[in-house]
Amino acid sequence: MNNQTNKIDQKDKAITSFTIGIIGIILSLLSPYTWPGFFEKIIMPGALPIFLAWILLFLWRYGFILIFFLSLFGIFLGIKVMKSSKKMIAILGLVLCVIELIFSLFSGYQLLFG
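Residues numbered from 1 in each chain as written. Predicted model: local features only at pLDDT ≥ 70, side-chain atom pairs only at ≥ 80, totals over all residues. Heavy atoms only, no water.

1. A look at the overall build of the protein chain
Argument step 1. Per the secondary structure count, the protein chain includes four helices and zero strands.
Argument step 2. Listing the helices and strands of the protein chain from first to last along the sequence gives α-α-α-α.
Argument step 3. When each of the 114 residues of the protein chain is scored for burial, the buried share is 30%.
Argument step 4. A separation of at least 24 residues holds for 73% of the contacts in the protein chain among residues at least 6 apart in sequence.
Argument step 5. As displayed, the protein chain offers around 7,900 Å² of accessible surface, 76% of which is attributable to carbon and sulfur atoms. (Helix = DSSP H or I, 4+ residues; strand = E, 2+ residues; numbered from the N terminus. Buried < 20%, exposed > 50% of the residue type's maximum accessible area, 1.4 Å probe, protein only. Contact = heavy atoms within 4.5 Å. Areas by Shrake-Rupley, 256 points an atom, 1.4 Å probe, with all protein chains shown as cover.)

Right, dumping it as structure tokens:
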């Protein structure tokens, strides 16, 4: 019973790593350094309550910090599952999380020094 639970747990970790990679790539592609002016064009003045617009703007500009930590967590999970039966999903999750990490580091560099 314990061995079967361990296999299910490994499968869940691999799928979680892959999902984190996909979500992070999507969020990274929506960063202000990929699409400059995107947020300002979509959110028209008066369309949203001001506090919600400020929260969305903050998340859009500084979301790379969240993406950075998500990618590290995805890499950690992907490495832990490398010896399981879901090795291919773990490798895909690792690749996506590394790309996500590079995007977040680039966005942070652009914000601080660009």
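Past the structure itself, the notes keep going.
2. Section: the confidence of the model for the protein chain
Argument step 1. For the protein chain, the average pLDDT comes to 79, and 77% of its residues sit at 70 or higher.
Argument step 2. When mean pLDDT is compared element by element in the protein chain, helix α4 (residues 87-113) scores highest at 86, while helix α2 (residues 38-42) scores lowest at 63. (pLDDT = per-residue confidence, 0-100.)

3. Topic: the side chain of Ser104
Argument step 1. Inspection of the secondary structure puts Ser104 in helix α4.
Argument step 2. Ignoring sequence-local partners within four residues, the contact set of Ser104 consists of Phe64, Ile67 and Phe68.

4. Overview of the nonpolar core
Argument step 1. Among the nonpolar cores identified, the biggest contains five residues, and these are Ile20, Ile75, Leu94, Cys97 and Leu101.
Argument step 2. Counting residues per element, this core draws most heavily on α4, which supplies three residues.
Argument step 3. Excluding anything up to four places from it in sequence, Leu94 contacts Ser17, Ile75, Gly78, Ile79 and Met82. (Core = buried A, V, L, I, M, F, W, Y, C linked by side-chain atoms within 4.5 Å.)

5. Comments concerning the packing of aromatic side chains
Two aromatic rings are characterised by how far apart their centres lie and by the angle between their planes.
Argument step 1. Considering all chains together, one arrives at two aromatic pairs under this definition.
Argument step 2. For the ring pair Phe68 and Phe69, a centre distance of 5.3 Å and an interplane angle of 75 degrees mean the geometry is edge-to-face.
Argument step 3. A residue is classified by how much of its surface remains accessible, and Phe68, at 25% relative accessible area, is partly exposed.
Argument step 4. Accessibility expressed as a relative area gives 53% for Phe69, which makes it exposed. (Phe/Tyr/Trp six-rings, centres within 6.5 Å; stacked < 30°, edge-to-face > 60°.)

6. Remarks on the packing of helix α3 (residues 50-80) against α4
Argument step 1. Between α3 and α4, the shortest axis-to-axis distance is 8 Å and the interhelical angle comes to 155 degrees. Classified by the angle their axes make, α3 and α4 are roughly antiparallel. In this structure, the crossing between α3 and α4 has a hand that is left-handed. Taking contact as the criterion, the partners of Tyr62, Phe64, Ile67, Phe68, Leu70, Ser71, Leu72, Gly74, Ile75, Gly78 and Ile79 in α3 are, on α4, Ala90, Leu94, Cys97, Val98, Glu100, Leu101, Ser104, Leu105, Ser107, Gly108 and Leu111.
Argument step 2. Looking at side-chain class alone, the contact of α3 with α4 contains 15 nonpolar, six polar and one charged residues. (Axes fitted to C-alpha atoms, helices over the stretch in contact; angles between N-to-C directions. Parallel < 35°, antiparallel > 145°, perpendicular 65-115°, else oblique. Left-handed = near helix turned anticlockwise from the far one by under 90°. Nonpolar A, V, L, I, M, F, W, Y, C, P; charged D, E, K, R; others polar.)

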